[in-house]
Amino acid sequence: MSKPAGPSRKNVVKTILGVLFTTLGLFFFFSFLSYVLNYEEDQSQLADFWNQELVVNNMMGKLGAYLGELFIFHGVGITAFFLPIFMVLIGVKILFQTKKIKPFKLFYNCLFFLIWLPLFLGFINQTGVLHGVMGHEVNAYLNTFIGKIGVGIGLLLSLVLYVVVNWRVTPDKISEALAKKAKELQTEDIQLKKTPEAELATEQPLKETAQSFEKPLPIDLEVSTKKAESVEKNPTIELEQTPVVVEKKTEEVEIASSGNGLELSIETVQAEDTVEKIAANLVDKHGEYDHRLDLAKFKFPTLEVLKKYDSENNLTINQEELEQNKNRIVETLANYGIGISQIKATIGPTVTLYEIVPEAGVRISKIKNLEDDIALSLSALGIRIIAPIPGKGTIGIEVPNSKPTIVSMRSVIASSRFQQAEMELPIAFGKTIENETFVADLAKMPHLLMAGATGQGKSVGLNAIITSLLYKKHPTELKFVMVDPKKVELTLYSKIERHYLAKLPGSEDAIITDNKKVINTLNSLCIEMDDRYELLKNAYVRNIKEYNDKFRNRKLNPEHGHRYLPYIVLIVDEFADLIMTAGKEVETPIARLAQLARAVGIHLVIATQRPSVNVITGIIKANFPARVAFRVTSKIDSRTILDSSGADQLIGKGDMLFTTGNELVRLQCAFIDTPEVDEITEYIGGQQGFPDAMLLPEYEGEESNLMDVDLSDRDALFNDAARVVVLAQQGSASLIQRKLKLGYNRAGRIIDQLEAAGIVGPFEGSKARQVLVPDDMTLEQLLNNLN
């Protein structure tokens, strides 16, 4: 166990500010309170403030009486009490980091009442201590312009505007609340009047009605939706599994007549319940080794750090839109002689799936060829036809909703489907068309390949994957290796370096941005993989789960080199850039990891915005059965990533297709914004962690041996490379790679020759080599001597 670090300077300053604000607030509060009780006696004593013989009744002395006189009598009256209350709450916010206290909202609420309340008290002609000089003078000034009634109307109008802006109170909201209350009262009244005999009497007609919907004619559009999940407020972290009961409730069937005489039946089903607390799943069996004791006080992030959107729980049924789309689909198919015996609609957060059953004798390919015609009739972007739907005897037509619903990361993390998932590496991607949370196990995939055009949601998808794992896995159970060639996407995760990240020994930054370090890191992961296979072989087990179970049961001796093995997830944000600059040097170790690393708990998540065949090669595709495709620009890109079309018909903004090699699942990716990621990393990074990130095995690259360098057999680009290095005054293989468009191995050999020729200095770790030649003239003379 490492010695915990002392409080940082930042925390000390916060504590001092919090205590200062709280103390000043209390001083002002008691000064004001005592002044209100004793102002009649104390006012005469304040004429000579510095006279020591005068005594005031204020419990805070002359200063307290003077502050009360200044702020209450000569200021805003008793409304001045908002000032100490504001100061105390700000002090509590700074000291305890209370999430419920919002400083900006608190400030403008206090500011409004500091202005409005003195004017109101002055308007109703109360005594001076209540409204102060401000309330009296401003009222007198306004009365000369708009009169007493005008002042009253202005006060009422300002209060109404404040209520509307602050609480979003509108006539529609009031009418909806009243209608909802009336409906609840009506439902309670019906339930009270119901008897067992009445229930038996109504049960049979309902069954007959339900059976009538199963008849093929006339065509019924059955609409199946699932309401969004409600997130329990103020969740906390517990060290025990919280039992959750999941109940499905079916509401009554409503019938509405459509414009063409067809009936529209709507059946709504509530989605799965959410957990009340995020369980930590700690091992608590007597005699077992508890690997979490290394960070026993670690707390998982709470749901409060994730944003809750108002619209996520309001998945409404637009009856008019459904009816119009149904009629247009039926009419378009009828124009081409295709009859429909049944149609059903399933409403999701972004897309509605219309399942149709064609009449006997209709060829499926004929409907598939009408994709553009149906898209034209619906006037919608991203129409996708699934003919047929796997596992069903229906044909699916996916139509984007006119008003999509936001799928927040909070809603999928809080879902019982994610919290109760018995998976090694559960990932909550988002929600399906059925509005159910979609959870997949990265350990079963076992590697994931993501692709999509710029701005379609890849970075948000990566953040969703990382966030899901952070909410489920303890720092002793999971480590990330993050590669970010763009240098800006994964930077926020550097705050959790001492908890969840792994890096090479001697490396300053855990987020890898340099291509040379990427090559060394990938080869280091290969060494780690080989070491883990040796441990599994000596333990007589086949995978990491069996090995860790055996280690927890104390059947493996640490003195023989055995240790608890955390999962390692490699995240690569922009794979195309690595292939362009390093090529085979990156592809080879990644292919080796993808082929072998699954059993030892090393998994890969690779993302690219350019799914072309020279980036996603056959070797890569063969070892990445799990694919995620966001919107791409062409059918060729869709076939490259998914081996089928469909990704080119997505609508963007997180709309995605997921496959593990069999069927495609359309999902709306959960949205998590940068401030939410910042809150999570701040929450985790602020806790006690390990002394450093997990260190990967050292990898010795192709070291230069100056004794073996023959300057008579120099590279053809030796002179050009020398001029590039001297001009830039920076000696590195990556610079030569970029300027001369070479591979890493050839650039490394040229660097060795430049060192042997005395143009650059020796290798200095992560720093660039020193350039020993100061200018072009000296270089040309040196090159002539070599020739």
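The model shown is predicted, which means the values in this text are computed figures rather than measured ones. (Residues numbered from 1 in each chain as written. Predicted model: local features only at pLDDT ≥ 70, side-chain atom pairs only at ≥ 80, totals over all residues. Heavy atoms only, no water.)

Visitor: What am I meant to see in the overall build of the chain here?
Guide: In terms of helices and strands, the chain carries 25 helices and 20 strands. Sorting the 787 residues of the chain into buried and exposed places 46% on the buried side. Contacts in the chain between residues far apart in sequence, at least 24 positions, make up 69% of those at least 6 positions apart. Counting every atom, the chain has about 40,800 Å² of accessible surface; 56% of that belongs to carbon and sulfur. (Helix = DSSP H or I, 4+ residues; strand = E, 2+ residues; numbered from the N terminus. Buried < 20%, exposed > 50% of the residue type's maximum accessible area, 1.4 Å probe, protein only. Contact = heavy atoms within 4.5 Å. Areas by Shrake-Rupley, 256 points an atom, 1.4 Å probe, with all protein chains shown as cover.)

Visitor: I keep staring at the side chain of threonine 681 and nothing clicks. Help me out?
Guide: Structurally, the position occupied by threonine 681 is in helix 21 (residues 674-685). Judged by relative accessible area, threonine 681 falls into the buried class, the value being 0%. A polar side-chain atom of threonine 681 sits 3.0 Å from the main-chain carbonyl oxygen of aspartate 678. Setting aside its immediate chain neighbours within four residues, threonine 681 contacts Leu492, Tyr493, Lys495 and Ile496. (Polar contact = N/O pair within 3.5 Å; in protein donor to acceptor, adjacent residues only side chain to side chain.)

Visitor: Any chance you could explain the environment of glycine 391 here in plain terms?
Guide: Among the structural elements, glycine 391 can be located in the loop between strand 8 (384-386) and strand 9 (395-400). When the C-alpha atoms of glycine 391 and glutamate 663 are compared, they prove to be 9.7 Å apart, with 272 residues separating the residues in sequence.

Visitor: I tried to follow the packing of aromatic side chains on my own but got confused; where do I start?
Guide: Aromatic ring pairs: the centre-centre distance and the angle between the two ring planes describe each pair. Considering all chains together, one arrives at 20 aromatic pairs under this definition. Relative to tyrosine 162, the ring of phenylalanine 113 lies with its centre 5.4 Å away and its plane at 75°, an arrangement referred to as edge-to-face. Of the two residues, phenylalanine 113 sits in helix 4 (residues 103-123) while tyrosine 162 sits in helix 5 (residues 128-167), which places them 49 residues apart along the sequence. Take phenylalanine 113: its relative accessible area is 23%, and that puts it in the partly exposed class. Here the aromatic residues Phe28, Phe29, Phe30, Phe32, Phe71 and Phe81 are joined through ring pairs into a cluster of three or more. Over the ring of phenylalanine 123 we find lysine 148, and its NZ or CZ is 4.7 Å from the ring centre. Here lysine 472 stacks its cationic end above the ring of phenylalanine 418, 5.7 Å away from the centre of that ring. (Phe/Tyr/Trp six-rings, centres within 6.5 Å; stacked < 30°, edge-to-face > 60°. Lys NZ or Arg CZ within 6 Å of the ring centre and 35° of its normal.)

Visitor: Teacher, can you tell me more about the environment of aspartate 776 here?
Guide: Residue position: aspartate 776 is located in helix 25 (residues 776-786). Considering only alpha carbons, one finds aspartate 776 and valine 726, 50 residues apart in sequence, at a separation of 7.0 Å.

Visitor: In this structure, what is going on with the sheet that holds strand 15 (residues 567-572)? I would like to understand it.
Guide: Two orientations exist for strands paired in a sheet by backbone hydrogen bonds: parallel and antiparallel. Judged by pairing direction, the sheet is mixed, and its 9 strands sit side by side in the order 11-10-19-18-17-12-16-15-13 without closing on themselves. A strand with exactly one partner marks an edge of an open sheet, and here the two such strands are strand 11 (437-441) and strand 13 (478-483). Adjacent strand axes in the sheet meet at a mean angle of 30°, parallel and antiparallel pairs treated alike. (Pairing = 2+ DSSP bridges. Axes fitted to C-alpha atoms, helices over the stretch in contact; angles between N-to-C directions.)

Visitor: What am I meant to see in helix 20 (residues 635-642) here?
Guide: Because an α-helix packs 3.6 residues into every turn, residues spaced three or four apart end up facing the same way. The complete set of buried residues in helix 20 reads Asp637, Ser638, Thr640, Ile641 and Leu642. Relative to the axis of helix 20, the buried residues are bounded by an arc of 165° and lie together on one face. Contacts made by the buried residues of helix 20 are with strand 12 (448-451), helix 19 (618-622), strand 17 (626-629), strand 18 (655-659) and strand 19 (664-669). (Arc of directions from axis to C-beta.)

Visitor: Help me understand the packing of helix 17 (residues 575-582) against helix 18 (residues 584-596), please; the structure alone is not making it clear to me.
Guide: What describes two packed helices is the angle between their axes and the distance between those same axes. Orientation of helix 17 relative to helix 18, taken along the N-to-C sense of each, is 125°, at an axis distance of 7 Å. Considering the angle they form, helix 17 stands oblique to helix 18. Contacts between helix 17 and helix 18 involve Phe575, Leu578, Ile579 and Ala582 from the former and Lys584, Glu585, Val586, Glu587 and Ile590 from the latter. (Parallel < 35°, antiparallel > 145°, perpendicular 65-115°, else oblique.)

Visitor: Could you clarify how one ought to interpret the packing of helix 23 (residues 733-740) against helix 24 (residues 744-756) in this entry?
Guide: In the contact formed by helix 23 and helix 24, the axes pass within 9 Å of each other and the chain directions differ by 120°. Taken as axis vectors, helix 23 and helix 24 run oblique relative to one another. The chirality of how helix 23 crosses helix 24 is right-handed. Facing Ala733, Ile736 and Gln737 of helix 23, the residues of helix 24 in contact are Tyr744, Ala747, Gly748, Ile750, Ile751 and Leu754. (Left-handed = near helix turned anticlockwise from the far one by under 90°.)

Visitor: Can you help me understand the nonpolar core in this one?
Guide: In summary, soluble globular proteins display a tendency toward joint burial of nonpolar side chains. Among the nonpolar cores identified, the biggest contains 133 residues, and Phe429, Leu448, Phe480, Phe658, Leu754 and Ile759 are the most heavily contacted of them. Element by element, the count of residues in this core is highest for helix 15 (residues 515-539), at 9 residues. Residues contacting phenylalanine 658, with those up to four places away along its chain left out, are Phe429, Phe438, Ala440, Met445, Leu448, Arg627, Val628, Glu663, Leu664, Val665 and Leu667. Tyr354, Leu370, Ile374 and Ile385 belong to the second largest nonpolar core, which has 21 residues in total. (Core = buried A, V, L, I, M, F, W, Y, C linked by side-chain atoms within 4.5 Å.)

Visitor: Could you clarify how one ought to interpret the pattern of salt bridges in this entry?
Guide: Any two side chains of opposite charge can pair, on the condition that their charged atoms come close. Evaluated as defined, the whole model comprises 27 salt bridges. Taken together, the shared-partner salt bridges connect Arg384, Glu398, Asp655 and Arg666 into one network. (Salt bridge = Lys/Arg side-chain N within 4 Å of Asp/Glu carboxyl O.)

Visitor: Is there a simple way to explain the environment of aspartate 713 in this structure?
Guide: With respect to the helices, strands and loops of the structure, aspartate 713 is situated in the loop between strand 20 (694-695) and helix 22 (718-728). Each C-alpha atom, one on aspartate 713 and one on glutamine 753, is 9.4 Å from the other, the two residues being 40 residues apart in sequence.

Visitor: Explanation requested: the pairing of strand 7 (residues 351-358) in the structure shown.
Guide: The side chains of a regular strand alternate, first on one face of the sheet and then on the other. The buried count for strand 7 comes to 7 of 8 residues, which makes it a mostly enclosed element. Pairing geometry for strand 6 (residues 340-347) and strand 7, over 7 bridges, is antiparallel. Bridged to threonine 346 within strand 7 is leucine 353. Adjacent in sequence and paired antiparallel, strand 6 and strand 7 are bridged by 3 residues. Across 6 bridges, the pairing between strand 7 and strand 9 is antiparallel. Within the sheet, the bridge partner assigned to isoleucine 356 lies in strand 9 and is isoleucine 395.

Visitor: Explain the pairing of strand 10 (residues 426-432) here, please?
Guide: With 7 of 7 residues buried, strand 10 lies mostly within the body of the structure. Here strand 10 runs beside strand 11; their pairing, made up of 5 bridges, is antiparallel. Within strand 11, the residue paired with isoleucine 427 across the bridge is alanine 440. Relative to strand 19, strand 10 runs antiparallel, the two sharing 3 bridges. Bridge pairing in strand 19 links glycine 430 to cysteine 669.

Visitor: Can you walk me through the confidence of the model for the chain in this structure?
Guide: Any segment with low pLDDT has predicted coordinates that should not be analysed in fine detail. Per-residue pLDDT for the chain averages 79, and the proportion of residues at 70 or more is 82%. Of the regions scoring below 50 in pLDDT, residues 194-218 engages in 12 contacts with residues more than four places distant in sequence or in other chains. (pLDDT = per-residue confidence, 0-100.)

Visitor: Please clarify how helix 21 should be interpreted in this entry.
Guide: In this model helix 21 runs 16 Å from its N-terminal to its C-terminal C-alpha over 12 residues, within 8% of the 16 Å that 1.5 Å per residue would give. Three or more residues of helix 21 are buried, namely Glu676, Val677, Ile680, Thr681 and Ile684. Within helix 21, the buried residues cover an arc of 130° as seen down the axis, which keeps them to one side. Against the buried residues of helix 21 lie helix 13 (458-472) and helix 14 (497-500). (Expected span 1.5 Å × (residues − 1).)

Visitor: Sorry if this is basic, but what is going on with unusual backbone geometry here?
Guide: Negative phi characterises most residues that are not glycine, and trans characterises most peptide bonds. Following methionine 445, the chain continues into proline 446 via a peptide bond in cis, with omega recorded as -5°. As for its placement among the helices and strands, proline 446 is situated in the loop between strand 11 and strand 12. If you check the backbone angles, lysine 487 has positive phi at about 70° while not being a glycine. Along the chain, lysine 487 turns up in the loop between strand 13 and helix 14.

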